[in-house]
Structures are given as structure tokens and as C-alpha cells.
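Structural characterization, general
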Amino acid sequence: MQRNFLAKFLNKISEFPSWIKEIIYFNLSKEVNTDNNLAYIFATYRPILTDDGKCELDYKKSSFDNNIYNIFRYCDNHASISEIALNTYMSLEEIANYFLFGVDEGYIQLPDNSQILNIAGFLAGKYRTGEYFVKDGVITEEQLDDAILNYEHRTKKSKKFGQSLVDMGLISQKQLDIIISIKEEAKNRFILDHNEIPVISAIKSSYEYQKQIEELKKENKQLKTRIEELTGIGIKNE
């Protein structure tokens, strides 16, 4: 059953006052690179099961592990890659591997956007850095071959191959940093508990409750003072 953690999380944030949301937006805008949306493209993609995929989900003739059938079930419910990851507690790297398996075996439809397959292949380790940039159309196969020869014969082995592509002017440092950052983050599991975000209405009711308590204490003190004045007997505070 899909738990819709992300939707619940975002709904709670949407209830925050505007000034709080502005602070959240401002801080996130400093961390999120809006010039490149590679991670967004893959994370928001909604895989579609083929007829063979639906048949396998219904009858499980191939006896795959449960993770595969869980992912197929979420695909059948029109869940995005990010929703699948959050609901199955898997990393994007793991989801990318299962996604590619489903596509290669004909259980998941081939995406219209080739970038989705390229990113999935890179995250899953199917493509290395140079191969990814070839698939993405940034460099040619000939340029990659030249870069490999240059790396093997001239570059110090302590330097990563991706950095040699930057040094040769084939890609920018920014392009390399973005794709490497996406790959590193894809290895991590992210468990989102929407209950950690407080509900605004609950905060408000708690505040009003505390205010009522303070008003009752004040009224009680005034009442005690009045009784003392009338009777001349001191009343001890409990």
C-alpha cells in the first residue's frame, strides 16, 4: 500500500506561515542547483508497466524477489521514482538498478526521454562518467577514446578520469560536479517520516490551551486575594 510520505510531508509544510516558507525556500535555493535538473528528471519520472509487466505482477511466474514485485506494484499505481524509493526505503541507486532490469526485460516501458535511461544507467553503474556524457550527447565516442588514451599515457593515476575530461576541455567542472554529486547522494537511503513535521493547527491549539491556563491562574489569584480581604484569613497556595 502506498503511504504517500512525500505528499503528506509537503502538505504539512504548505500549512506553515508564509514567512516560514520563505525562509525554507531561501535556504533551499542556496543548496539546490536550479541550472541543472538531472536528479529531478529521474526522481519525478513515473515508470509504466508493459502488458508483460502487469502479467508478471499478477501471476509472479518468474518468482523474482519481493523488491521487484513491490516496485512493479508502485509502477502500476502510477508512483514516481522518488515515491517508490521513499515507500520501499531503497536508495535511488537501488531503484535505478531495478528500473533498468524492468526495462531490459520488457516489464517496464522504455521512457520517451533518453535522459532518464542515461541517468539511471549512470546511477546503477552501467555507464561510467565518460560513457554517460557520450550517451547524453555532450562528447563524442571519438573524444572519449582520445580522453582514455590521454588518461592512460599522460595523466597521473591519482586523478579521476572525470577530472581529465575537464582538463581536456570536453566538459565543464560544473557538469562533472553535478553528476558526481547526484551519484553520491543516490547511494544513500532517505527515510522520510512526515510525523516529524508539526501540524500548525496543533501548535495553535497548544498555544491557546496554555493561554487559557494562564488566564485561569490569574483569575484564581484574584479570587484568593478577594477572599482574604473579605474574611481576613490567608489562603495558602496549593
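The structure presented is a predicted model; accordingly, all values stated were derived computationally and were not measured.

One pass over the structure, following the stated rule, counts three salt bridges. We note a salt bridge from Arg 46 to Glu 83, for which the minimum N-O separation is 3.1 Å. A residue pair is termed long-range when its members are at least 10 positions apart, and Arg 46 in the loop between α3 (38-43) and α4 (51-59) and Glu 83 in helix α6 (residues 81-88) qualify at 37 residues. According to the relative accessible area criterion, Glu 83 is buried, its value standing at 18%. Notably, a salt bridge pairs Lys 187 with Glu 184, separated by 3.4 Å at the nearest N-O pair. Taking the relative accessible area as the measure of exposure, Glu 184 reaches 43% and is therefore partly exposed.

Attention now moves to the packing of helix α5 (residues 66-76) against α6. Here α5 crosses α6 at 135 degrees, and the two axes come no closer than 10 Å. Considering their axes alone, α5 and α6 lie oblique with respect to each other. Judged by the sense of rotation from one axis to the other, the crossing of α5 with α6 is right-handed. Between α5 and α6, the contacting residues are Ile 71, Tyr 74 and Cys 75 on the first element and Ile 84, Asn 87 and Thr 88 on the second. A class-by-class count of the residues in the contact of α5 with α6 yields four nonpolar, two polar and no charged.

Between the first and last C-alpha of helix α7 (residues 92-104) there are 18 Å, a value that for 13 residues agrees with the 18 Å anticipated at 1.5 Å per step. Buried within α7 are the following residues: Ile 95, Ala 96, Phe 99, Leu 100, Gly 102 and Val 103. One side of α7 holds all its buried residues, which, seen down the axis, span an arc of 160 degrees. Structurally, α7 contributes buried residues whose contacts are with α3, α5, α6 and α8 (114-123).

The next thing to look at is the nonpolar core. Phe 42, Phe 72 and Phe 99 are the most contacted members of the largest nonpolar core, which has 46 residues in total. No other element matches α5, which puts six residues into this core. In this structure, Phe 72 is in contact with Leu 49, Gly 53, Glu 56, Leu 57, Tyr 107 and Ile 108, ignoring residues within four places of it in sequence.

Moving on, we come to the side chain of Thr 50. You can see Thr 50 is positioned in the loop between α3 and α4. Given the relative accessible area of 17%, Thr 50 is considered buried. In terms of polar contacts, Thr 50 uses its side chain to reach the backbone carbonyl oxygen of Gly 106, at 2.6 Å. Thr 50 has contacts with Gly 106, Tyr 107, Ile 108 and Gln 109, leaving out every residue within four places of it along the chain.

Right, let's talk about a negative patch on the surface for a bit. The grouping of Glu 141, Glu 142, Asp 145 and Asp 146 at the surface amounts to a negative patch. With a relative accessible area of 54%, Glu 142 lands in the exposed category.

Rules used throughout
- Residues numbered from 1 in each chain as written.
- Predicted model: local features only at pLDDT ≥ 70, side-chain atom pairs only at ≥ 80, totals over all residues.
- Heavy atoms only, no water.
- Salt bridge = Lys/Arg side-chain N within 4 Å of Asp/Glu carboxyl O.
- Helix = DSSP H or I, 4+ residues; strand = E, 2+ residues; numbered from the N terminus.
- Buried < 20%, exposed > 50% of the residue type's maximum accessible area, 1.4 Å probe, protein only.
- Axes fitted to C-alpha atoms, helices over the stretch in contact; angles between N-to-C directions.
- Parallel < 35°, antiparallel > 145°, perpendicular 65-115°, else oblique.
- Left-handed = near helix turned anticlockwise from the far one by under 90°.
- Contact = heavy atoms within 4.5 Å.
- Nonpolar A, V, L, I, M, F, W, Y, C, P; charged D, E, K, R; others polar.
- Expected span 1.5 Å × (residues − 1).
- Arc of directions from axis to C-beta.
- Core = buried A, V, L, I, M, F, W, Y, C linked by side-chain atoms within 4.5 Å.
- Polar contact = N/O pair within 3.5 Å; in protein donor to acceptor, adjacent residues only side chain to side chain.
- Patch = residues over 30% accessible without salt bridge, like charges linked within 9 Å, V, L, I, M, F, W, Y side chains within 5 Å.
- Areas by Shrake-Rupley, 256 points an atom, 1.4 Å probe, with all protein chains shown as cover.
- Lys, Arg positive; Asp, Glu negative; His and termini not counted.
- Charge placed at Lys NZ, Arg CZ, Asp CG, Glu CD.

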